Amino acid sequence: MEGKLNQDKSSIDTELQTKLLLHSDHDHKGGMRTMPFILVNEAFERVASYGLLPNMIFYLMEVYHMEAVTGTSILSVWSALSNGLSIFGAFIADSYLGRFRVIALGSLSTLLGMVFLWLTSIFPQLRPSSCDELNTICSPATPTQLTFLFTSFGLLSIGCGCIRPCSMAFGADQLNNHPTQNNQRLIDSYFNWLDLQFL
C-alpha cells in the first residue's frame, strides 16, 4: 500500500513539473514578437558607435581644433575601449545582472552618451570658440569642455560594452524557449538579420 502511495505521489510530481515547464507564463513572453526590438536596439548601438567614428575626426579637428594625430589617437582609444568593455559587459551579464538588465543599462548609457555629445554641438559653452578669421588663432578646448566630450565617449563605450556581447545571445534565447518544428529556421533567420546589420 505504501509503495503504491509513493508511486502515485511520484507520478503526480512528474506531471506537475511537466505542466509547469511546458505551460509557464514565460512561454507567452519572448519569441518572434521581440525580435524587432532586439534588432533595432542593436542597429541603434551600431549607428551610435560605428556611424559616428568616420565623422568624429572632422568634428574634433574643426570644432575642437585638434590636430589629426591627436583626434585619431582619441578615436582609436575610444574604439578600443568600446570593444574591450565587451568582456566586462559579458562578465557582468553572466555573473550578476543577466542579459536583459545589462542590455537595458547599455541602452541607457548609449542614450546618455549621445545626448552629451549632442549637447557639445548645441551649446557654445561646451566647445571651444571658433577660430579668429583674421589671425587664424584658434583657442584650445578647456579642461571642462574636454571632460564633457570624453564623458560622452565613455558613456558610449560603456553602452557598446554592454549591448554587443548580450544582444545576440539574448535574441537567440527568445527563440530557444519556444520549441517548435520551425525553431531552427527562426534562429537562422534571426542570425541572418543580425548579420545584415554588420554590412
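Residues numbered from 1 in each chain as written. Predicted model: local features only at pLDDT ≥ 70, side-chain atom pairs only at ≥ 80, totals over all residues. Heavy atoms only, no water.

Annotation of the chain in UniProt includes, under Subcellular location (unreviewed entry), the sentence "Membrane". (UniProt positions renumbered as here; feature names shortened; annotations may be inferred.)

UniProt annotation of "transmembrane region" (unreviewed entry) refers to residues 73-93 and 100-119 when read in the numbering used here. Secondary structure across residues 73-93 divides into 100% helix and 0% strand, with the first and last C-alpha atoms of the span separated by 30 Å. For residues 100-119, the helix share is 100%, the strand share is 0%, and the end-to-end C-alpha distance is 29 Å. (Helix = DSSP H or I, 4+ residues; strand = E, 2+ residues; numbered from the N terminus.)

This brings us to the nonpolar core. Counting 16 residues, the largest nonpolar core has Met56, Leu60, Tyr64, Leu75, Leu117, Leu149 and Phe153 as the members making the most contacts within it. Of all the secondary structure elements, the ones that give two or more residues to this core are helix 3 (53-62), helix 4 (68-97) and helix 6 (143-176). Top contributing element to this core by residue count: helix 3, with 4 residues. Dropping the residues within four chain positions of it, Phe153 is found in contact with Met56, Ile74, Leu75, Trp78 and Leu117. (Core = buried A, V, L, I, M, F, W, Y, C linked by side-chain atoms within 4.5 Å. Buried < 20%, exposed > 50% of the residue type's maximum accessible area, 1.4 Å probe, protein only. Contact = heavy atoms within 4.5 Å.)

Within the secondary structure, Gly71 is located in helix 4. Along the primary structure Gly71 and Tyr59 are separated by 12 residues, whereas in three dimensions their C-alpha atoms are 9.1 Å apart. The residues touching Gly71, leaving out its near neighbours within four places in the chain, are Ile57, Leu60 and Met66.

Below, the discussion takes up unusual backbone geometry. The phi torsion at His65 lies on the positive side, around 55 degrees, for a residue other than glycine. Tracing the backbone shows His65 in the loop between helix 3 and helix 4.

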